[in-house]
Amino acid sequence: MESSTASQGDCNLTYVTLRAAFLLTLDSLLRYSLSPSHAEQKGSEFLHFYPPLQGMAPQIQMECVLRTWNRWSTRQSDFPSPLDARILYAATELLASLAEDRSSPLLRVVFEGPRELRHLNDHWLPAKARCLQLTRESTFSRGILQELSLSSDPQEQVTEHEYPAADGELMEILGRWRANPEMLTWGNGLLTPHELELVRDFFEEHDGLTE
């Protein structure tokens, strides 16, 4: 029974972390709609917590968040991929950061999603997020900590062998500008109908941002 309760708790926290990442990315996209000429200026982005992926276009960030949610919620057998693991890492760090500021308006909206989980939004939330981060057992999570340690030292010579995020899936996603339009079908259970409508309207208006 305790194991089942803990599993449900981790499930709800993962949902909350990905909602936080989605909402921050949605904010970046809506700011883009107001001022497209400033699209390349750095704004608020959850990938601040995973610097090797900083600079990713906001529409690609949204695709990554929704893709990770879809792959996690549908229990795909190859989950997590290297990209999934890093999206989850950054999203969980974002939630922990938001939870330390009880007055954050974004945190309030996080808990206004499809799931009724307002009871989680208490003074223990930062600790719960950190605990979730630490208890994720995978070679990817250990690799992330190594990568962050290497990337924090500009004098360190990083090779692809030492820095597995330097090739493959992650390098491919960093080089993209146009998002996969199918991502609009990936937010089931994470987005409210109003949020989905906002995203759909945004990409209809800015069709150059999708393939």
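Residues numbered from 1 in each chain as written. Predicted model: local features only at pLDDT ≥ 70, side-chain atom pairs only at ≥ 80, totals over all residues. Heavy atoms only, no water.

K.L.:
What's the story with the overall build of the chain in this structure? I'm lost.
P.N.:
Within the chain, the regular secondary structure consists of eight helices and zero strands. In sequence order, the chain lays out its α and β elements as α-α-α-α-α-α-α-α. Taken over 211 residues, the chain has a buried fraction of 45%. Across the chain, contacts joining residues at least 24 apart in sequence account for 72% of those joining residues at least 6 apart. As displayed, the chain offers around 11,200 Å² of accessible surface, 52% of which is attributable to carbon and sulfur atoms. (Helix = DSSP H or I, 4+ residues; strand = E, 2+ residues; numbered from the N terminus. Buried < 20%, exposed > 50% of the residue type's maximum accessible area, 1.4 Å probe, protein only. Contact = heavy atoms within 4.5 Å. Areas by Shrake-Rupley, 256 points an atom, 1.4 Å probe, with all protein chains shown as cover.)

K.L.:
Teacher, can you tell me more about the packing of helix 3 (residues 82-99) against helix 5 (residues 125-135) here?
P.N.:
Helix packing geometry: the angle between the two helix axes and the distance between the axes. Packing of helix 3 against helix 5 leaves a shortest axis separation of 8 Å and a crossing angle of 160 degrees. The orientation of helix 3 relative to helix 5 falls into the category roughly antiparallel. Of the two possible hands of crossing, helix 3 and helix 5 adopt the one that is left-handed. When helix 3 is examined against helix 5, the residues Y89, T92, E93, L95, A96 and A99 are found in contact with a partner set consisting of L125, P126, A129, R130 and Q133. (Axes fitted to C-alpha atoms, helices over the stretch in contact; angles between N-to-C directions. Parallel < 35°, antiparallel > 145°, perpendicular 65-115°, else oblique. Left-handed = near helix turned anticlockwise from the far one by under 90°.)

K.L.:
Got a minute to help me understand the nonpolar core in this structure?
P.N.:
Side chains of a nonpolar character, in soluble globular proteins, are inclined to be buried together. With 58 residues, the main nonpolar core has F22, F46 and M62 as its most contacted residues. Among the secondary structure elements, those contributing two or more residues to this core are helix 1 (2-34), helix 2 (58-73), helix 3, helix 4 (105-110), helix 5, helix 6 (139-151), helix 7 (169-174) and helix 8 (193-205). Contact partners of F46, with chain neighbours within four places excluded, come to A21, L24, T25, Q61, V65, I87, A90, A91 and L94. (Core = buried A, V, L, I, M, F, W, Y, C linked by side-chain atoms within 4.5 Å.)

K.L.:
Would you mind showing me how to read the confidence of the model for the chain here?
P.N.:
Low-confidence regions, as indicated by low pLDDT, have predicted coordinates that should not be scrutinised in detail. When the pLDDT values of the chain are averaged, the result is 84; 82% of them are 70 or greater. Taken element by element, the predicted model of the chain shows its lowest mean pLDDT in helix 6 (74) and its highest in helix 2 (96). Throughout residues 154-163 the model reports pLDDT below 50, and contacts reaching past four residues in sequence, or to other chains, amount to twelve contacts. (pLDDT = per-residue confidence, 0-100.)

K.L.:
Looking at this structure, I do not really get helix 8. What am I missing?
P.N.:
Each α-helix winds once per 3.6 residues, and so residues spaced three or four apart point in a common direction. The end-to-end C-alpha distance of helix 8, which contains 13 residues, comes to 18 Å, matching closely the 18 Å that a straight helix rising 1.5 Å per residue would cover. Along helix 8, the positions that sit buried rather than exposed are E195, V199, F202 and F203. Along helix 8, the residues classed as buried sweep out an arc of 90 degrees about the axis, all on the same side. In helix 8, the exposed positions angled more than 90 degrees off the buried face are occupied by P193, H194, E204 and E205. (Expected span 1.5 Å × (residues − 1). Arc of directions from axis to C-beta.)

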